[in-house]
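# Secondary and tertiary structure notes
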Amino acid sequence: MNPQPQNFRAPVGTHDVIGPDSAQWENLIALFAETAYRYGFELAISPLFEDVGVFNRGIGENSEVATKEMYVFEDRGGRTLALRPEGTASVVRAFVQHQPTTPWKAWYVTPAFRYERPQAGRYRQHHQIGVEVLGTDDPAVDVEVITMAWRFFAALGLTRYRLLINSMGHDECRGAYVKLLRDFLGAHASELCEDHQKVWSENPLRVLDCKKPACIDVTTGGPMLPDHICDDCRTHFSAVLGSLHDLGVEATLNPRLVRGFDYYTRTTFEFVADALDGAQNAIGGGGRYDKLAEQLGGKPTSGIGFGCGIERLLLTRAAESDRPLELLNRTLDCFVVDTTGVDSATVLLDELRSAGIAADRAYDNRSMKSQMKAADRSGARFAVLLGPQELAAGEVTIRDLRSEDFAQSQQTAPRNDVVTTISNLLTK
RNA sequence: GUGGGCGUAGCUCAGUUGGUUAGAGCGCCAGGUUGUGGUCCUGGAGGUCGCGGGUUCGACCCCCGUCGCUCACCCCA
């Protein structure tokens, strides 16, 4: 009659983020929000799920993510929906739907879902922060977006990261290049690695990204993207590279850089962290997607953006430094120790908190010693002692918990002046 | 989807060739004479040894299965 409760746990590849780790997340997201506003971005929140077509059209129906990693499901109304595997497609869908005035600059923070086997730095639900700019193909925007990410990493305290960059060309010159590459690969198909001998034709660009020696050998002698993009794209790319150089943002040209989503055109980039060993060292990436809005049914609109994985950024940060991020002040101002037995703390705390003072307390009428321990553990700056004596005298005792000197670390204050006294002590 | 390693208290881990009531440290709770934390001392709570089956007189230990964690391949953040 009383069934054994099941031991539920977070699904495979997902994680609960609780303290003290959640403080790192809070810091990182707050810093990103701050950075985004400084660059003129507004926050965009879009649904976690979309019509599956948004992602199929966006990231490409043949892409690895779309074919075998998406969480696709049918809702009760028979609609075929998918959990977002990345941020860009939804934001661009929102742009197409609402047609905000351009340039539209939006930032986001969102979970992303991909059905893969989890491993270090790879999860079925991970979280991304990113930005998108729609409505201009000015190379200055490419530079701004890349630079923002670059500066953000530095503000996070990262030091060992690199920017890899490439130009994919626009649809026409890229198409011509793919044809060229396909012909080339066709002539050398038997020399490719085992896997690509079979599938090189479906997406020739992927072969460029293959890490197997066989494929590298073949493609090294073959045509590379930057040499075959049209004059306009070349000019655009040069402008981007030039400005990045002027700003001191160190970009490494990587002609093999081909990202996993099909929507990219022209400027394409990736950030890798050297502190992360193994295959999961990409902490962020992005690029231009000048055809995406159109593919999602909108007017032709240029766009560019980047996304970064929060988990990987924090892993990188932890690998580079022992010190946690402490950009936000999240220490308690005071801890109320109430031994009156009549719960005087409730009213006192309401006064303190209403005045903007961060305050907490113990519950359950615990002993003074126990409450003092709790005060110490809480990290609060001051303990506000309120016992029978203080209650009778109409005052409180304020104790500086950082001081070791008993005599000088305590003072009394009239009960009515608690807020102002604490405020004054805090500004010292 | 394929393969390797690992599942013992909240956490980090011991547990001798299979042998009685499964241990430690940290953390948590309570005390150390009646109002003071961070050190110290004492005590306490907390575990169906991931789960299911098998071998055995006897299983945390051996075997099989399963689930989970983890790492790698693939791909990506």
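Sequence order as written defines the numbering, with residues in each chain counted from 1. Chains and ligands are labelled sequentially in the order written, the chains with letters from A and the ligands with numbers from 1. Where totals are concerned, whole chains, interfaces and linings use all residues; where local detail is concerned, this predicted model gives features only for residues with pLDDT of at least 70, and gives and counts side-chain atom pairs only at 80 or more. Working from all heavy atoms in the structure, the side-chain values ignore hydrogens and water.

## A closer look at the domain arrangement of chain A
As a measure of interface size, the accessible area lost when the parts come together is often cited. Inclusion rule: Where each domain begins and ends is defined by an automated method or by a domain database.
You can read the domains of chain A as domain 1 (21-170 + 229-320) and domain 2 (334-427). Taking only C-alpha atoms into account, the centre of domain 1 sits 48 Å from that of domain 2.

## Focus on the sheet that holds strand β12 (residues 334-338)
Put simply, the test is: A pair of strands is treated as paired once DSSP finds two or more bridges between them. Put simply, DSSP marks the helices as runs of H or I at least four residues long and the strands as runs of E at least two long, and each gets a number from the N terminus on. Every angle, taken between N-to-C directions, lies between 0 and 180 degrees, and every axis is a line fitted to C-alpha atoms, over only the stretch in contact when it is a helix.
Overall, mixed pairing links the five strands, which are arranged β13-β12-β14-β15-β16 in an open sheet. Strands with a single pairing partner mark the edges of an open sheet, and in this sheet they are β13 (359-361) and β16 (410-414). Recorded for the sheet is a direction-independent mean angle of 30° between the axes of neighbouring strands. Judged from the three bridges that link them, β12 and β13 form a sheet pairing that is parallel. Across the sheet, residue V336 finds its bridge partner in β13, namely R361.

## Regarding the environment of R366
Threshold: Two N or O atoms count as a polar contact when they lie within 3.5 Å, although within protein this holds only if one can serve as hydrogen donor and the other as acceptor, and sequence-adjacent residues are included solely when both atoms are side-chain atoms.
Position of R366 relative to the elements: it lies in the loop between β13 and α14 (368-378). Distance from R366 to V337, taken between C-alpha atoms, is 9.4 Å for residues 29 residues apart in sequence. One polar contact links R366 to S370, side chain to side chain, over a distance of 3.4 Å.

## Examining helix α13 (residues 345-354)
In an α-helix, one full turn covers 3.6 residues, which means residues spaced three or four apart are oriented alike. Put simply, the rule is: Relative accessibility thresholds used throughout: buried, under 20% of the residue-type maximum; exposed, over 50%; partly exposed, between the two (1.4 Å probe, protein chains only). Taking the helix axis as origin, the arc is that swept by the directions to the C-beta atoms. Here, two residues are considered to be in contact whenever any of their heavy atoms come within 4.5 Å of each other.
Of all the positions in α13, only A345, L348, L349 and L352 are classed as buried. Buried residues of α13, viewed axially, fall in a sector of 95°; they line one side. Opposite the packed face of α13, turned more than 90 degrees from it, sit the exposed residues V347 and S354. Elements in contact with the buried residues of α13: β12, β13, β14 (382-386) and α16 (418-427). Following α13 by one or two positions, G356 has its phi on the positive side, about 90°.

## Re the protein's contact with RNA strand B
Heads up, the condition is: One heavy atom within 4 Å of a molecule or strand is enough for the residue carrying it to be called near that molecule or strand. Think of it as three bins: nonpolar holds Ala, Val, Leu, Ile, Met, Phe, Trp, Tyr, Cys and Pro, charged holds Asp, Glu, Lys and Arg, and polar takes everything else, Gly as well.
Near RNA strand B you find 44 residues, and of these R114, R122, A279, Q389 and L401 are the closest. Within 4 Å of the protein, atoms of RNA strand B come from sugar and phosphate in 49% of cases. For RNA strand B, a base oxygen lies 2.6 Å from a polar atom in the side chain of R312. Q410 places a polar side-chain atom, nitrogen or oxygen, 2.7 Å from a base nitrogen of RNA strand B. Elements represented by at least two residues in the surface near RNA strand B include exactly α3 (64-69), β6 (125-134), α8 (204-209), β10 (282-288), α14 and α15 (388-393). Here the element with the most residues in the surface near RNA strand B is α14; it accounts for seven residues. A breakdown of the residues in the surface near RNA strand B according to their chemical character gives 12 nonpolar, 13 polar and 19 charged.

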